[in-house]
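Spelled out, the chains give:
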Amino acid sequence: MTVFLCGFMGCGKTTVGKLAAKKLGCNFYDTDELIVENQGMSIPEIFAQKGEPYFRQIEADIVKSMCGKSAVISCGGGAMINSDTAKAVEDSGEKVVFLDVDFDTCYERISCDSNRPIVVNNTKEQLKAIFDERHEIYLKNSTVQIKADGSPVEVAEEVRRIVC
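Described in the following lines is the structure provided in the data block. In every chain, residue numbers begin from 1 and rise along the written sequence. Local features in a predicted model are, by the rule used here, given only for residues with pLDDT of at least 70; side-chain atom pairs are given and counted only at 80 or more, and totals for whole chains, interfaces and linings are based on all residues. To obtain the side-chain values, all non-hydrogen atoms of the structure were included, while hydrogens and water were left out.

Examining the packing of aromatic side chains
No. 1: Classification of ring pairs uses Phe, Tyr and Trp, with its six-membered ring standing for Trp, and accepts pairs whose centres are within 6.5 Å; under 30 degrees between planes counts as stacked, over 60 as edge-to-face, and the remaining range as tilted. Under the defined criterion, the tally for this structure stands at 5 aromatic pairs.
No. 2: When the centroid spacing of 5.2 Å and the interplanar angle of 40° are considered together, the rings of Phe98 and Tyr138 count as tilted. With a gap of 40 residues between them, Phe98 in strand 4 (residues 95-100) and Tyr138 in helix 8 (residues 124-140) connect regions that are remote in the sequence. No difference in accessibility class separates Phe98 from Tyr138, as the two residues are buried.
No. 3: With centroids separated by 5.5 Å and ring planes inclined at 65°, the aromatic side chains of Phe103 and Phe131 adopt a geometry described as edge-to-face. Taken as a pair, Phe103 in helix 6 (residues 103-110) and Phe131 in helix 8 lie far apart in primary sequence, 28 residues in all.
No. 4: Take Phe103: its relative accessible area is 6%, and that puts it in the buried class.
No. 5: Among the aromatic residues, those joined into a ring-pair cluster are Phe8, Phe103, Tyr107 and Phe131. Labels follow the DSSP assignment, with helices taken as runs of H or I lasting at least four residues and strands as runs of E lasting at least two, numbered in each case from the N terminus. When a residue's accessible area, from a 1.4 Å probe over protein chains only, is under 20% of the maximum for its type it is buried; when over 50% it is exposed; and in between it is partly exposed.

So, a negative patch on the surface
No. 1: Residues Asp102, Asp104, Glu108 and Asp149 make up a contiguous surface patch of negative charge.
No. 2: Inspection of the secondary structure assignment puts Glu108 in helix 6.
No. 3: When its relative accessible area of 67% is taken as the criterion, Glu108 is described as exposed. Here a patch means residues that are over 30% exposed by relative accessible area and free of salt bridges, tied together within 9 Å if like-charged and within 5 Å if nonpolar (Val, Leu, Ile, Met, Phe, Trp, Tyr). The method behind every accessible area is Shrake-Rupley, applied with a 1.4 Å probe, and residues are considered shielded solely by the protein chains displayed. Should a side-chain nitrogen of Lys or Arg be within 4 Å of a carboxyl oxygen of Asp or Glu, the pair is scored as a salt bridge. Within this scheme the basic residues Lys and Arg register as positive and the acidic residues Asp and Glu register as negative, but His and the chain ends are omitted. Note on charges: their place is set at NZ of Lys, CZ of Arg, CG of Asp or CD of Glu.

Concerning the side chain of Asp30
No. 1: Turning to its location among the elements, Asp30 is positioned in strand 2 (residues 27-30).
No. 2: Lacking a salt bridge, the buried Asp30 has Lys18 as its closest oppositely charged neighbour, with an N-O distance of 6.9 Å.
No. 3: Counting of polar contacts relies on pairs of N or O atoms within 3.5 Å, with two restrictions inside protein: one atom must be capable of donating a hydrogen and the other of accepting it, and residues adjacent in sequence are counted only when both atoms are side-chain atoms. In terms of polar contacts, Asp30 uses its side chain to reach the side chain of Thr14, at 2.6 Å.
No. 4: Here, residues are in contact when the closest pair of their heavy atoms is within 4.5 Å. Apart from residues no more than four positions distant in its own chain, Asp30 is found in contact with Thr14 and Ser74.

Okay, here's the thing in structure tokens:
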């Protein structure tokens, strides 16, 4: 069983994912880390040298390659907004869990992160517009939604409960 965690940047996918994987007794992977390893450069370098469309294609390929693994996968904030990626995951029968956190909480967590090109290149207002646009897509492309406003341990336990 593969569990894909989706949601906006800063919603807790990596933190919750590591904890949920331990609770489920399976591996944990972060697609952003896999992309950096695969490409041999940081995400800002990929965006600067090859562009966001290139990054999104690599991201889609990695997400699709994770189907069928016994793992919890933290997807980048843009992974499940790609309809082809979401369809491939849906067709594989894997679970996609949307960690739904309010914008202000996400923004507080990401606002000073220079490793996020979308954060660096957009104002708070622009990020809020991106957040609002993606929210409906996350809902549409996920199997289940979790209001992830509890502690990481509580949210990880909810993920475990839902997928078992």
